[in-house]
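Single-letter residue listing:
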Amino acid sequence: MYDVTPDLVWVWQKLEAAVTGLLHQYGYQEIRFPLLEKTALFHSAIGEVTDVVEKEMFTFSDRKGVSISLRPEGTASTVRAVLENGLVYNEPQKLWYSGPMFRYEKPQKGRNRQFSQIGVEVFGYPGPEADAELLLMTHRLWQQLGIDNVRLELNTLGSADCRAAYRSVLIKYFEQHLDVLDEEAKNRLHSNPLRLLDAKNPAMQTVIKAAPSITDYLSDASKEHFARLCAILDACDVPYDINQQLVRGLDYYSHNVFEWITDELGAQGTLCAGGRYDALVEMQGGKPTAATGFAMGVDRLVELIVEKNIWQPPAQTDVYVVWDKQVGVDQVMAISEQLRSDIPGVSVMMHLTAASFKSQFKKADKAGARFTLILGPDEMAQQQISVKTMQDRNVPQQQLSYSDMVSFLKQQLSE
Ligand code: HAM
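Since we're looking at a predicted model, the values are computed, not measured. (Residues numbered from 1 in each chain as written. Predicted model: local features only at pLDDT ≥ 70, side-chain atom pairs only at ≥ 80, totals over all residues. Heavy atoms only, no water.)

## Quick word on the sheet that holds strand E10 (residues 270-276)
Stated precisely, the cut-off is as follows: Strands are treated as partners if at least two bridges between them are detected by DSSP. Numbered from the N terminus, helices here are DSSP runs of H or I no shorter than four residues, and strands are runs of E no shorter than two.
One open sheet holds the eight strands; their spatial order is E1-E5-E6-E11-E10-E9-E7-E8, and the pairing between them is mixed. On the outer flanks of this sheet lie strand E1 (29-30) and strand E8 (241-242), each paired with one strand and no other. Taken together, the seven bridges between strand E6 (residues 114-123) and strand E11 (residues 291-297) define a ladder with antiparallel strand orientation. Note on E11: the bridge partner recorded for Val-122 is Thr-292.

## Notes on the site of the ligand
To keep things clear, this is the line we draw: The nearness test applies per residue and asks whether one of its heavy atoms lies within 4 Å of the molecule or strand. Polar contact is the term for a pair of N or O atoms within 3.5 Å; when the atoms are in protein, one must be able to donate a hydrogen and the other to accept it, and sequence-neighboring residues count only if both atoms are side-chain atoms. Residue exposure ignores everything except the shown protein chains as possible cover, and the areas themselves are Shrake-Rupley values with a 1.4 Å probe. Just so you know the grouping, Ala, Val, Leu, Ile, Met, Phe, Trp, Tyr, Cys and Pro go in nonpolar, Asp, Glu, Lys and Arg go in charged, and all remaining residues, Gly too, go in polar.
Neighbouring residues of the ligand: 26 residues in total, closest Glu-73, Thr-75, Glu-105, Glu-121 and Tyr-253. At 2.9 Å from a nitrogen atom of the ligand is found a main-chain nitrogen or oxygen belonging to Asn-112. Taken by itself the ligand offers 660 Å² of open surface, and the protein chains cover 95% of this. Those elements that provide at least two residues to the shell around the ligand are E6, E10 and E11. Tallying contributions element by element places E10 first for the shell around the ligand, with six residues. Residue composition of the shell around the ligand, by class: 10 nonpolar, nine polar and seven charged.

## Looking at helix H9 (residues 220-235)
Counted only if it meets this: In a helix, the anticipated span is given by 1.5 Å times the number of residues less one. Any pair of residues with heavy atoms lying within 4.5 Å of one another is described as a contacting pair.
Helix length check: H9, at 16 residues, gives a terminal C-alpha distance of 22 Å against a target of 22 Å (1.5 Å per residue), a fit within 8%. Those residues of H9 hidden inside the fold are in contact with helix H5 (128-145), strand E7 (150-156), helix H6 (160-175), E8, strand E9 (254-262) and E10. Where H9 ends, the next residue or the one after it, Asp-237, has phi of about 60 degrees, a positive value.

## Remarks on the pairing of E9
Note the following rule: Accessibility here uses a 1.4 Å probe with only protein chains present; expressed as a share of the type maximum, an area under 20% marks a residue as buried, one over 50% as exposed, and anything in between as partly exposed.
Burial analysis of E9 places nine of its nine residues in the buried class, which makes it a mostly covered element. Pairing of E7 with E9 involves seven bridges; the strand directions are antiparallel. Of the residues in E9, the one forming a bridge with Leu-152 is Trp-260. Note that E9 and E10 share six bridges and pair antiparallel. In the sheet register, Trp-260 faces E10, and the bridge partner there is Cys-272.

## Comments concerning the pattern of salt bridges
Under the convention used in this document: Throughout this description, the term salt bridge denotes a Lys or Arg side-chain nitrogen within 4 Å of a carboxyl oxygen of Asp or Glu.
Evaluated as defined, the whole model comprises 23 salt bridges. Its salt-bridge partner being Lys-109, residue Glu-303 comes within 2.9 Å of it at the nearest N-O pair. One end of the pair, Glu-303, is in helix H11 (residues 298-307); the other, Lys-109, is in the loop between strand E5 (93-102) and E6, with 194 residues separating them in the sequence. A salt bridge links Arg-228 to Glu-129; the shortest N-O distance between them is 2.5 Å.

## Some points on the environment of Pro-92
Along the polypeptide, Pro-92 turns up in the loop between helix H4 (75-84) and E5. When the C-alpha atoms of Pro-92 and Val-122 are compared, they prove to be 7.5 Å apart, with 30 residues separating the residues in sequence. Residues within four places of Pro-92 in sequence aside, it is in contact with Phe-123, Gly-124 and Tyr-125.

## As for the packing of aromatic side chains
Which entries qualify depends on this criterion: A pair of Phe, Tyr and Trp rings is counted when the ring centres sit within 6.5 Å of each other, with Trp represented by its six-membered ring. The angle between the planes then sorts it: under 30 degrees is stacked, over 60 is edge-to-face, the rest tilted. Here, a charge over a ring means that NZ of Lys or CZ of Arg falls within 6 Å of the ring centre while also lying within 35 degrees of the ring normal.
Taken as a whole, this structure holds 11 aromatic pairs when the rule is applied. Ring plane angle 70 degrees and centroid distance 6.5 Å describe the contact between Phe-258 and Phe-294, whose orientation is recorded as edge-to-face. Of the two residues, Phe-258 is situated in strand E9 and Phe-294 in strand E11; the sequence distance between them amounts to 36 residues. On the basis of relative accessibility, which here comes to 1%, the residue Phe-258 falls in the buried class. Here Phe-294 falls in the buried class, since its relative accessible area comes to 4%. The interplanar angle of 80 degrees and the centroid separation of 6.5 Å between the aromatic rings of Phe-357 and Phe-361 together place this pair among those described as edge-to-face. Residue Phe-357 and its partner Phe-361 are located together in helix H13 (residues 357-366), separated by four residues, close to a single helical turn. Members of the aromatic cluster, joined through ring pairs, are Phe-123, Tyr-252, Tyr-253 and Tyr-277. Between the NZ or CZ atom of Arg-113 and the centre of the ring of Tyr-104, over which it lies, the distance is 3.7 Å.

## Structural notes on the UniProt feature "binding site: L-histidine" (unreviewed entry) in the protein chain
Filter applied, for reference: UniProt positions are given in the numbering used here, feature names are shortened, and annotations may be inferred rather than shown by experiment.
UniProt's entry tags Glu-73, Gly-74, Thr-75, Arg-103, Gln-117, Glu-121, Arg-248, Tyr-252 and Tyr-253 with the feature "binding site: L-histidine" (unreviewed entry), counted in the numbering of this structure. Looking at the element boundaries, Gln-117 is found in strand E6. In this structure, Tyr-253 sits in the loop between E8 and E9. Classification of Tyr-253 by relative accessible area gives buried; the value is 5%. Non-local contacts of Tyr-253, meaning those with residues more than four positions away in its chain, are made with Leu-157, Arg-163, Arg-248, Gly-274, Gly-275, Arg-276 and Tyr-277.

## Quick look at the sheet that holds strand E3 (residues 59-61)
Short version of the rule: Axis definition: a line fitted to C-alpha atoms, over the contacting stretch in the case of helices. Angles run 0 to 180 degrees between N-to-C directions.
Spatial ordering of the open sheet is given by E2-E4-E3, a layout of three strands whose pairing is antiparallel. Each end of this open sheet is capped by a strand with a single partner; those strands are strand E2 (36-38) and E3. For this sheet, the mean angle separating the axes of adjacent strands, direction not counted, is 35 degrees. Examined bridge by bridge, E3 and strand E4 (residues 67-70) share three bridges and lie antiparallel to one another. In the sheet register, Ser-61 faces E4, and the bridge partner there is Ser-67.

Here it is in structure tokens:
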């Protein structure tokens with residue numbers, strides 16, 4: 001877990017504003033749910049034989065001995081919340097959420113124990129159009145953010161029936177290669193054989209590559225669902241690779257699954273991932289409701305934007321007020337306040353104790369101020385204020401009346 005210091009907070013804010021603006025454009029609505037849930041929710045929704053449930057949750061007992069966990073992801077909580085609030089009873093829902101998630105993983109670059117996701121969950125649309133919209137939206141987002149070199153990997157896990165047939169074929173296949181499987185793979189062979197397909201152990205890769213493919217066990221309806229998704233992406237010029245080993249680490253998925261991956265962040269390069277989970281709402285006690293969604297890792301996106309210098313920091317301060325102690329702090333504060341009223345949204349900073357002009361100008365530079373106002377005894381005697389344009393030394397310093405100074409700043413700041 002880590003702190004976000006002020007020099008980086010602007011990247012988080014700009015990113016969050018860009019994503020939430022885009023979600024608004026597509027008609028998605030925000031939902032907020034607690035950081036804590038009953039542990040049983042995650043066990044039943046995410047699956048007992050998953051890394052998250054087996055070894056990554058922050059779980060403890062509350063004062064009455066009820067087992068609760070910090071949320072490791074948002075899909076399970078969203079499903080609980082829409083059911084408890086009757087949101088999916090008779091109408092589709094397009095929802096998003098944002099905030100911290102917690103997983104007790106081995107921390108490394110791009111993998112934190114507290115990390116932030118912006119997630120989207122869509123309920124009530126069984127067709128591939130909903131999955132397509134999610135992918136078009138994320139594709140547009142990368143373009144808006146200036147992130148290139150992200151590739152889309154797609155796969156289909158078929159319906160529950162297809163997966164059941166495929167599961168037994170996979171178990172039989174891997175049983176013939178027990179000598180190659182590591183301990184984790186052997187442990188999962190009977191409980192969650194699909195996960196063996198995305199095992200990272202290099203010694204198992206040849207056997208994994210030669211494993212039977214889900215494609216041969218898909219029903220016609222599942223094939224059609226996937227083909228229609230691919231056709232929409234083709235029509236909208238969104239490139240993708242089909243990766244038959246993409247199975248996802250959480251158990252609730254069926255049909256289309258996907259990951260947006262960059263090679264520029266090392267091993268933890270998945271920026272956004274998700275897929276369809278048509279059975280989960282019913283499993284959690286609701287009536288059958290198709291669902292699909294994704295979550296993007298905000299920490300990883302921030303890291304990419306910072307490492308690749310994709311954005312330049314904004315000027316933090318519009319105006320820095322430099323003042324002489326003979327003028328008196330009361331008057332300086334009154335002028336700064338007046339300026340904040342006269343130019344809505346302007347950022348005005350002033351030194352809160354008397355200091356030399358030299359040190360105040362240094363502070364103004366450090367704050368990235370676009371303009372400094374100089375309030376010295378001479379200026380005050382003439383009821384004038386000196387205005388200096390900080391980022392263009394060729395513009396001469398000028399003395400203006402208060403109202404001319406306001407007009408000047410208004411015009412400059414709107415450019
Ligand atoms: P997930 O693949 O577990 O899916 O996580 C989604 C994204 O969250 C990852 O691709 C990654 O960017 C980020 N992420 C996950 N764990 C960490 C970590 N320890 N540190 C930093 N970033 C991390 C889900 O969570 C599903 N709930 C997504 C979903 C929504 N599927 C359908 N709807």
